[in-house]
Amino acid sequence: MNHSEINRGRNVIYNFLSKSLWDIPDSNYMSMFEDLHLYIFELLNNSDNENLRRAGETIMMFRKDNILQEEKSQDEVILDLSKEYTRLFYLGVHSVPICESAYLSPMKAYMQEPWEEVKKVYAENKFMPENKGNKPEDHISFELLFMSFLSQKASIEAEQNEYSELTYIYQKQLTFMEEHLLKWVDDLCEKILSICVKENSLYTGIALFLRGYLHEDYKFLRDMTL
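Residues numbered from 1 in each chain as written. Predicted model: local features only at pLDDT ≥ 70, side-chain atom pairs only at ≥ 80, totals over all residues. Heavy atoms only, no water.

(A) The arrangement of the overall build of the protein in detail. A tally of regular secondary structure across the protein gives nine helices and zero strands. Relative to a compact globule of 226 residues, whose C-alpha radius of gyration would be 17 Å, the protein shows 17 Å and is just as compact. By principal-axis analysis of the C-alpha atoms, the protein measures approximately 55 × 40 × 30 Å. Here the protein holds 226 residues, and the buried ones make up 51% of them. Long-range pairs, those at least 24 residues apart, make up 69% of the contacts in the protein between residues at least 6 apart in sequence. Accessible surface for the protein amounts to roughly 11600 Å². Of this, 50% is attributable to carbon and sulfur atoms. Mean positive and mean negative side-chain charge positions of the protein (24 and 38 charges, respectively) differ by 3 Å. (Helix = DSSP H or I, 4+ residues; strand = E, 2+ residues; numbered from the N terminus. Rg over C-alpha atoms; globule rule 2.2 N^0.38 Å. Buried < 20%, exposed > 50% of the residue type's maximum accessible area, 1.4 Å probe, protein only. Contact = heavy atoms within 4.5 Å. Areas by Shrake-Rupley, 256 points an atom, 1.4 Å probe, with all protein chains shown as cover. Lys, Arg positive; Asp, Glu negative; His and termini not counted. Charge placed at Lys NZ, Arg CZ, Asp CG, Glu CD.)

Here it is, written out as structure tokens:
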């Protein structure tokens, strides 16, 4: 098993999912989407996980109905996605909370106990995301970016044959999954899926991708830390 290559892939996927839910998309996001779409489709379409397979079908449909349409400019695609993102997470009547505290704190409000806990984990691991803006540290994008950050470190350790350190990083990721991501992301994805009614919605695909990938990656981490 080539752990360096595996973790380079994990880094890419977590980074892509993080960017997909960070904010309304822009041209940089669309460029990343196009750069990665073949890799993503191969990963999703070859998976035994039903959520990942459905994600692949949905994202492929989105690309066919939007990006590959000659009469539709990139600006129009971005505008449509921006409207959908805003409706989902900002202004919709049933807008979806996108931070852990809104799901797990007693008050179901932002910047509560889980936010404090996540900030502590980041500090312990010297994780300092750039371009934070006004988003809390328990925003889904930051939690996914933290997993990307640790995956990149794991790839480097594997390349240098530092397998004890590699196992330590896997354990950190496993713990972060169990204490944070897996406690609330299923609910987040279910809320997104309940609002996205279009069969070719990118965000339907991203929610299925996120849900399926987290559970598959958790199995990988559990196997690596037995």
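Alright, that's what it looks like, and here's the rest.
(B) Broad picture of the side chain of N200. Along the chain, N200 falls in the loop between α8 (163-195) and α9 (202-224). Of note is the side chain of N200, whose polar atom sits 3.1 Å from the side chain of D65. (Polar contact = N/O pair within 3.5 Å; in protein donor to acceptor, adjacent residues only side chain to side chain.)

(C) Region of interest: the nonpolar core. Of all hydrophobic cores here, the largest spans 67 residues; its most connected members are F16, L17, I140, L188, I192, F209 and L210. Considering each element in turn, this core owes the most residues, 14 residues, to α8. Apart from residues lying up to four places away in sequence, F209 is in contact with I13, F16, L17, I40, L43, L44, L52, A55 and I59. (Core = buried A, V, L, I, M, F, W, Y, C linked by side-chain atoms within 4.5 Å.)

(D) Broad picture of helix α1 (residues 3-22). An ideal rise of 1.5 Å per residue puts 28 Å on 20 residues; α1 measures up with 28 Å between its terminal C-alpha atoms. The backbone nitrogen of S4 lies 3.2 Å from a side-chain oxygen of the residue at the head of α1, namely N2. (Expected span 1.5 Å × (residues − 1).)

(E) Spotlight on the packing of aromatic side chains. Per the counting criterion, the structure on display carries 19 aromatic pairs. Measuring from ring centre to ring centre gives 6.1 Å for F16 and Y29, while their planes differ by 20 degrees; the resulting arrangement is stacked. You can see F16 sitting in helix α1 and its partner Y29 sitting in helix α2 (residues 27-45), a full 13 residues away along the chain. Taking the centre distance of 5.4 Å and the plane angle of 85 degrees together, the rings of Y170 and F220 count as edge-to-face. You can see Y170 sitting in helix α8 and its partner F220 sitting in helix α9, a full 50 residues away along the chain. Ring pairs connect the aromatic residues Y14, F16, Y29, F33, F62, F209 and Y213, which therefore count as one cluster. A cation over an aromatic ring shows up here: K135 above the ring of W22, its NZ or CZ 4.2 Å from the ring centre. (Phe/Tyr/Trp six-rings, centres within 6.5 Å; stacked < 30°, edge-to-face > 60°. Lys NZ or Arg CZ within 6 Å of the ring centre and 35° of its normal.)

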